[in-house]
Amino acid sequence: MKLLVLKENLNKGLGFTERVVSKSLSLPILNNILLSAKGNFLNLSATDLEIGIRYWVLAKIDKEGKIVIPAKVLASFIGSLPESKISFESINNILHIKGESFKTKIKGFNPDEFPIIPKIEEKEFLELNSAPFCQGLAQVHKYASLNQTRPEISGIYLAFQKNQVQLASTDSFRLAEKTLLLEAGSEKSNFQGQSLILPQKIVQELINIGSEKKGKLKIYLTPNQIMFEFRTKESSQPQLQLISRLIEGDYPNYQEIIPKKYETQIVLPREKFLNHLKTASLFSGRINEVKVKIDPSQEEMEIFSQSSEIGENQSLVQGKTKGKMTEVSFNWRFLIDGLINIQSPEVSFELNGEEGPAALKPVGDPSYIYIIMPIKAS
Amino acid sequence: MNKKELWEAVLAQIQFNISRASFATWFKDTHIISRNKKKVIVSVPSHFSQEWLQNKYDRIILKILHSLDNQIKEIQYTTSQPSLEIAEAPTSLPAVSINNQLEFQELQINTETNLNPRYTFENFVVGPFNELAQAAGWAISKNPGVVYNPLFVYGGVGLGKTHLLQAIGNEVVKNFPSKKIKYIPSEKFISGLVAAIKNHSIEDFKIKYREADVLIIDDVQFLAGKDKSQEEFFHIFNALYEKNKQIALSSDRPPKAIPALEERLKSRFEGGMIADIGSPDFETRMAILKTKTQERRLDFSEKVLEYIASVVQNNIRQLEGALNRLAAYQKLNSQSPDIQIVQTLFKNLITGSTKVANYKKVIQVVSEFYDIKQSDLLSSSRKKEVVRPRQIAMYLLRENLKSSYPSIGRRLGGKDHTTAIYAYEKIVKELKQSESLVEEINYIKQRIYSSLDPL
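These numbers were taken from a predicted model, which means no experiment stands behind them. (Residues numbered from 1 in each chain as written. Chains lettered and ligands numbered in written order. Predicted model: local features only at pLDDT ≥ 70, side-chain atom pairs only at ≥ 80, totals over all residues.)

## What to know about unusual backbone geometry
The amide bond that connects N149 of chain B to the next residue, P150 of chain B, takes the cis arrangement and shows omega of -5°. As for its placement among the helices and strands, P150 of chain B is situated in the loop between α5 (131-142) and β4 (151-155). Backbone geometry at L49 of chain A places phi at a positive 70°, although glycine is not the residue there. With respect to the helices and strands, L49 of chain A occurs in the loop between β3 (41-47) and β4 (51-63). Although it is not a glycine, N92 of chain A sits at a positive phi angle of roughly 50°. (Helix = DSSP H or I, 4+ residues; strand = E, 2+ residues; numbered from the N terminus.)

Here's what the structure looks like:
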């Protein structure tokens, strides 16, 4: 393998691929990145046997070939370089890296030892804008269950409909649902009516990648695997592919959880609500309990927390109220988790008594809803 | 050599050719799932293993297989996901969360059967008031469709009907995993039917229920007055009954007391076993409180529990509410409430119950029950259909409110106190002779008290 590549491009690619590299002790080869030069591209691949990533960097290839290099060393080294043009040459599993002002050798491994990332048949696909999709995932991904005893809720649920996709996750204490409209251009989709469960890890990577890469995203689907493909405008070659298995099983019928009505509603300024909660959290003790009390005749909400060791705190937030008087306890962490993913300046907080599910909804944005269960009466 | 031995032989040989780490990574959870003369199908846990075995080890595996059985010419690899079988959700009860964080109940419910695993026979407290129902339920779950078909359980609110029915379902799941069980509240049955009619999918709806091995319908009294639902249910009932499939039903009153229920359904409901769940006696209430405190890891003195058991009499759900209250007190004040505090905490509960069970309430419930006008009941009319209810109202006022005879007489039709005494004594006498009257009166009493909600 012999080639010339721009540092900036390579560095970006290494940033994405390095994140997937696992710190595996049982199979040390997984700590590496596979470099392979072919055509006009240098390909970087990494995997932890859960998900796989492939990234293509435009390069001037003099001699095609492959080598496996420890990810951490390579990424830190390239990151530290001032130069813009770098030449790679592999001789006997040693990577020789040269620039104007330096000469380096990194010991690599036999590329034949590196796991093969599964291929996905590029038949059925759906194309959509990556930014809203990844942002939507970011709004729901945090609530998936960490508990592996119920694998189906440990992932993020995607349901494709005619012109929208629903994203949902729950850990049985709270639930978030985001509805994304598919733009008209994506009618090639034959995913309609399909649904799937994505493992958390791939979602994390998608969010990370999507925050930097704008443009189109293609999704390829097979019965138990999925591939996400990002392209650049300049080239027909995909720039990045992420491959993951899907979680098998039936996602619970979560629609039934979403309350259709409410007993008490208050519309609050989001920022203020958040700040009051943070203050209250200081006094909430070990179980994170804060109590909210809404008296519709007062047009305000009282937030109360107390701990026998520290003391207590009581604060008021003004808001428009409806319905009947109520007093409910919540885990403040769960409330804040929900508020953080709401962007609108005002949020509607809808309660259903002290043991019924409550909802947080951004005012003016029907596409997002966050449901949370209270802490039992005290 | 069978499939398992064959694959073990392959693994035994291949381990010498590759490193231990690769062997552990790529050959973990692999096995032969089928084998015919020429071809062997190997199942692997992931696509990564599949690619790897196919591309790197195919030759060597084939060579070994061939040396073991020279007819084998081809290997095929497929991916299966064994991890799911291992991670099969534990069927035991979810640990009670210490910090009281509530969960979405919907997620606990089995999507196939609609059963909530929380309700089992193990946590069903048995006492003289529900012994019969429990025993019948237990017998059914051991032998569905053979004994007591249908089982009809009735009793007031918050006494454990739903618990018992779901426990039957859960127990059948445990004993006969292959049996199809359907649990549905009658309300859902009705709305399901309405939706099916709307979507022209009524056939699917019928099939869904006719395929069940055990059909459990909760709160059938809501079928009252819904003629089309009753008709469909009647056909489903017959279809299942003829095939000896188990049916279990619950209601808040006995079949014959359900108004606007077709005769043919009534008679069918009565055709199996009817068991009632009454109000728990003191000992059972204590047992329930103790189980609940244990479940929730609370700790209260015997005296406190005894007090609650003596105050809350008619409803198990209220017992739970009372416990919640104590738990909350304990948490807020970080001390166990003593008997004085408990007495003040539940003061309004006692006064509350006597306050609501007043003369008006009795009149209202009695007139509703017998479907006559309140004004008739209060008049001096001597029509037969009014006289009897009036006597019962008099009895109830005397028995439950300890009203004086003259005041009873005065209020009900301006009668003399002797009329009231006569009515009271007449009913007392009849009660000794007629079981059905006891039932009738109990039911009226329940109605009077069930609308009390002191907590």
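Structure's up, so let's keep going.
## Notes on the environment of K245 of chain B
Residue and element names in this part refer to chain B. By the element assignment, K245 lies in the loop between α9 (227-242) and β7 (246-251). A residue is classified by how many C-beta atoms lie within 10 Å of it, and K245, with 21 of them, is buried. In this structure, the C-alpha to C-alpha distance between K245 and A212, residues 33 residues apart in sequence, is 7.6 Å. Residue contacts for K245: discarding those within four places in its chain leaves G145, A212, D213, V214, L215 and L240. (Buried ≥ 20, exposed ≤ 12 C-beta atoms within 10 Å, placed from the backbone. Contact = placed C-beta atoms within 7 Å.)

## A closer look at the interface of chain A and chain B
At the interface, 35 residues of chain A touch 29 residues of chain B. Of the residues in the side of chain A that touches chain B, the class split is 16 nonpolar, 12 polar and seven charged. (Nonpolar A, V, L, I, M, F, W, Y, C, P; charged D, E, K, R; others polar.)

## Quick notes on the confidence of the model for chain B
Residues and elements named next belong to chain B. Here chain B averages 83 in pLDDT, while 92% of its residues score no lower than 70. Note that pLDDT drops below 50 for residues 82-98; the model gives that stretch 16 contacts with residues more than four away or on any other chain. Overall fold confidence for the complex sits at a pTM of 0.65, while the interface term, ipTM, reaches 0.73. (pLDDT = per-residue confidence, 0-100.)

## Notes on helix α2 (residues 20-27) of chain B
Residues and elements named next belong to chain B. Along α2, the residues that are buried comprise T25, W26 and F27. Down the axis, α2 shows its buried residues gathered within 160° of arc, on one side only. Turning to α2, the residues buried within the fold contact α1 (3-14) and α3 (47-68). Trailing α2 by a residue or two, D29 shows a phi angle of about 60°, which is positive. (Arc of directions from axis to C-beta.)

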